[in-house]
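Okay, here's what each chain looks like letter by letter:
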Amino acid sequence: MQEPDVTAYHLLHELDHRFDNLVCAIEAALVLYERQRPAAWVMHQPSVELNWLRNALLDMWHQEGQDGRETRNYIGVIAAGTPLIEAVGTINHAKTAISELIHRIKELSPKAFGEIKQRLPQRHPQVDNVLRRTGLAKLHLKQCWRQIPIAEAPVSRIRLAWYSSGRSIKRLSVQEAEKKLMQLDTEAPHIRIQLRKLAGLPSAEALAQVQAQAPLMRANLFFTEPLLDGHSRRALNIAMPLFVPAPDQRLPHINLPPLHPPTERTRARRRDEKLEHEAFLPSLRIYRYRS
């Protein structure tokens, strides 16, 4: 049986090949787009520059000081013909292939995984030179494999709106919460207070750690005709340009949302919300479930 690191390094060579495939797939789609110049809309831009899509699809790099959890958005709509739709589908397949292989390498060898972000840009020297000149240091994995949205059918109208109330919730036991608190400064008064509060809970009680998610642009698509499953509309997040099939080569009607997301919560709290409103352990954003 091969050692994990040896196997992972073999997979790195396969990753090189898959990254090359992704770059080639992007370039093929861009050639089609730049040759055809389909109707396009970009949020809060009076006219769409020719290189806008190129910048969007090739932006897979960390900017200096950028939080690795953050991604840059390219919100736009492109009325695409079948060849361009298919070319974008090929990009998405290449992205999925990279994502699956990177996760496999990460599981096998943290050492090999650490090389990925520096290794892949070197596959294309002209890309690596640009990165170094502009302060883009390494590959941004989330921006590398995030999918490009494609509408399933022609669309008559698109309603865009910021969604800024999203959050992820992780269920924790009292013992797990205590372990996380013990990793903080246990001499600090506010940590000692939270440890005492936690000690007063039944050991079997479940807790929830909440992480607010970055604001998302949500697109509600209204199809020209109902889909085969009977649905006449679909909602999806669009951090990347949305490609819509357009037999008539025209854009659907698109509303103009604010340039920036709201700074405060815009949705009313659900009456059946399961968590208490105030954090039980503020230092860890941990809440109790309501009785």
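Above this text sits the structure in question.
Every value quoted in this text rests on a predicted model; they were computed, and no experiment measured them.

Here's the deal with the nonpolar core
Inference 1: Ranked by size, the top nonpolar core spans 37 residues in total, and within it Leu22, Leu53, Leu57, Leu84, Ile91 and Phe243 carry the most contacts.
Inference 2: Elements with a minimum of two residues in this core: helix H1 (4–36), helix H2 (52–58), strand S2 (76–80), helix H3 (82–108) and helix H6 (141–145).
Inference 3: Considering every element that reaches this core, the biggest residue donor is H1, with 12 residues.
Inference 4: Listed in part, the 20 residues of the second largest apolar core include Val155, Met217, Leu221 and Ile254.

Considering the sheet that holds strand S7 (residues 233–237)
Inference 1: The 4 strands lie next to each other as S7-S6-S3-S9, forming an open sheet whose pairing is mixed. A single partner strand is all that each edge strand has here, and the edge strands are S7 and strand S9 (253–254).
Inference 2: In the sheet, strand S3 (residues 155–163) pairs with S9 via 2 bridges, with the strands oriented parallel. Within S9, the position partnered with Arg157 by the bridge is His253.

Focus on the packing of helix H7 (residues 174–182) against helix H8 (residues 189–199)
Inference 1: It is the contact of H7 with H8, at a shortest axis distance of 11 Å, that shows an interaxial angle of 165 degrees. In terms of orientation, H7 and H8 fall into the roughly antiparallel class. The element H7 and its partner H8 pack so that their crossing is left-handed. In this structure, H7 contributes Val174, Ala177, Glu178, Leu181 and Met182 to the contact, and H8 contributes Ile191, Gln194, Leu195 and Leu198.
Inference 2: Across the contact of H7 with H8, the residue classes tally to 7 nonpolar, 1 polar and 1 charged.

Here we look at the pattern of salt bridges
Inference 1: One pass over the full model with this rule turns up 7 salt bridges.
Inference 2: Among the ionic pairs, Arg54 bridges to Glu27, the shortest N-O distance being 3.1 Å. Here Glu27 lies in helix H1 and Arg54 lies in helix H2, a separation of 27 residues in the sequence.
Inference 3: Classification of Arg54 as partly exposed rests on a relative accessible area of 23%.
Inference 4: Among the residues examined, Glu27 registers a relative accessible area of 33% and is labelled partly exposed.
Inference 5: Between Arg288 and Glu205 there is a salt bridge, and its shortest N-O distance comes to 2.8 Å. Here Glu205 lies in the loop between H8 and strand S5 (206–212) and Arg288 lies in strand S10 (residues 286–288), a separation of 83 residues in the sequence.
Inference 6: Residue classification places Glu205 among the buried positions, given a relative accessible area of 16%.
Inference 7: The network of salt bridges with common partners includes Glu27, Glu34 and Arg54.

Points about the side chain of Gln194
Inference 1: The topology assignment puts Gln194 in helix H8.
Inference 2: Judged by its relative accessible area of 4%, Gln194 falls in the buried class.
Inference 3: Residues in contact with Gln194, not counting those within four places in the same chain, are Leu181, Leu281, Pro282 and Ser283.

Quick notes on the rules
- Just so you know, the residues in each chain are numbered from 1, in the order the chain's sequence is written.
- Confidence filtering applies because this is a predicted model: local features only for residues at pLDDT of at least 70, side-chain atom pairs given and counted only at 80 or more, and all residues used for totals across whole chains, interfaces and linings.
- Side-chain numbers here rest on the full set of heavy atoms in the structure, without hydrogens or water.
- The term nonpolar core refers to a set of buried residues drawn from Ala, Val, Leu, Ile, Met, Phe, Trp, Tyr and Cys, joined through side-chain atoms within 4.5 Å.
- Each residue's exposure class comes from its accessible area (1.4 Å probe, protein chains only) as a fraction of the maximum for that residue type: buried when under 20%, exposed when over 50%, partly exposed otherwise.
- Helix and strand definitions follow DSSP, with helices as H or I runs of at least four residues and strands as E runs of at least two, each counted in order from the N terminus.
- Note on pairing: two strands pair once DSSP finds at least 2 bridges between them.
- Lines fitted to C-alpha atoms define the axes, with helix axes restricted to the stretch in contact, and inter-axis angles between N-to-C directions lie between 0 and 180 degrees.
- Should an angle lie under 35 degrees it is considered roughly parallel, over 145 roughly antiparallel, and from 65 to 115 roughly perpendicular; all remaining angles are considered oblique.
- For any helix crossing, the convention is left-handed if the near helix is rotated counterclockwise from the far helix by under a right angle, and right-handed if that rotation is clockwise.
- The criterion used for residue contact is that any of the two residues' heavy atoms lie within 4.5 Å.
- Residues were grouped as follows: Ala, Val, Leu, Ile, Met, Phe, Trp, Tyr, Cys and Pro as nonpolar; Asp, Glu, Lys and Arg as charged; and all remaining residues, including Gly, as polar.
- The term salt bridge refers to a pairing of a side-chain nitrogen on Lys or Arg with a carboxyl oxygen on Asp or Glu at a separation within 4 Å.

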